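Listed below are the residues making up each chain.
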Amino acid sequence: RGVRATWSNEDDPSNGGYGLYPVRSDRVLIENSEASNASDAGIYVGQTNTAIIRDSRAVYNVMGFEIENVQGGEYDNNVAECNTGGFLIYDLENITQYGDTSVMLNNLARNNNTYNFAQSGLVSAVPRGTGFITLGYDNIEVFNNTFEDHSTAAIIYTSYELIDGKGKTADKKLDPYTEGLHIHNNVMK
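All values reported here derive from a predicted model rather than from experimental measurement. (Residues numbered from 1 in each chain as written. Predicted model: local features only at pLDDT ≥ 70, side-chain atom pairs only at ≥ 80, totals over all residues. Heavy atoms only, no water.)

Engineer: Could you give an account of the sheet that holds strand 17 (residues 153-157), with specific residues and numbers?
Structural biologist: Read across the sheet, six strands follow the order 2-5-8-11-14-17 without closing on themselves; strand pairing throughout is parallel. The sheet is open, and its two borders are formed by strand 2 (18-20) and strand 17, each paired with just one other strand. Strand-to-strand twist in this sheet, taken as the mean axis angle between neighbours without regard to direction, amounts to 20°. For strand 2 and strand 5 (residues 41-46), the ladder comprises two bridges, and the chain directions are parallel. Counterpart to Tyr 18 in the pairing with strand 5 is Ala 41. (Pairing = 2+ DSSP bridges. Helix = DSSP H or I, 4+ residues; strand = E, 2+ residues; numbered from the N terminus. Axes fitted to C-alpha atoms, helices over the stretch in contact; angles between N-to-C directions.)

Engineer: Residue-level account of the environment of Asp 40, with values.
Structural biologist: You can see Asp 40 is positioned in the loop between strand 4 (34-36) and strand 5. A C-alpha to C-alpha distance of 9.3 Å links Asp 40 and Asn 116, two positions 76 residues apart in sequence. For Asp 40, the side chain forms a polar contact with the side chain of Tyr 18, separated by 3.3 Å. (Polar contact = N/O pair within 3.5 Å; in protein donor to acceptor, adjacent residues only side chain to side chain.)

Engineer: A description of the environment of Ile 156 should follow, citing residues and the corresponding values.
Structural biologist: As for its position among the elements, Ile 156 is in strand 17. The exposure class of Ile 156 is buried, given its relative accessible area of 18%. Separated by 23 residues in the primary sequence, Ile 156 and Ile 133 have C-alpha atoms spaced 4.6 Å apart. Beyond its immediate stretch of four places on either side in the chain, Ile 156 contacts Pro 127, Thr 130, Phe 132, Ile 133 and Thr 134. (Buried < 20%, exposed > 50% of the residue type's maximum accessible area, 1.4 Å probe, protein only. Contact = heavy atoms within 4.5 Å.)

Structure representation (structure tokens):
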């Protein structure tokens, strides 16, 4: 709780990839924390069972909040601003655990128009000006959030067929489409 992770050089590809980075964990709580200037994600949770991120802020990262292969997540009352993209919920291919069931509510994604300074990986394909993006992850509810001032889109719903450039994922067990996506009662400006 209350962690601050900051890379000193703004928008520098040589910055470390992550600010906060719990992976392969159970019952993660990130609260009242802040991360900035990461070349991948400011606040990242991956391959985890039950993750809660609340009352936290991510600024000037490639991705503000990156949720990868999480089973049972809640992301509440967070602020993502001045990143390339605000929030990313997805399943990464060729991982032993696939994600399912996340709730994203009461968050603010604002002015995520910073140029993409990631050197590689999936986030290097995220277009600047994105509030929320999802791919290959099932059962997401997105409600009571505010998305404002994004130059590309407030919400992008896509699949691996568009991201990897080959038309399909190499992981035969991964469904490349997000299914069970419920978006309601959000404000988009």
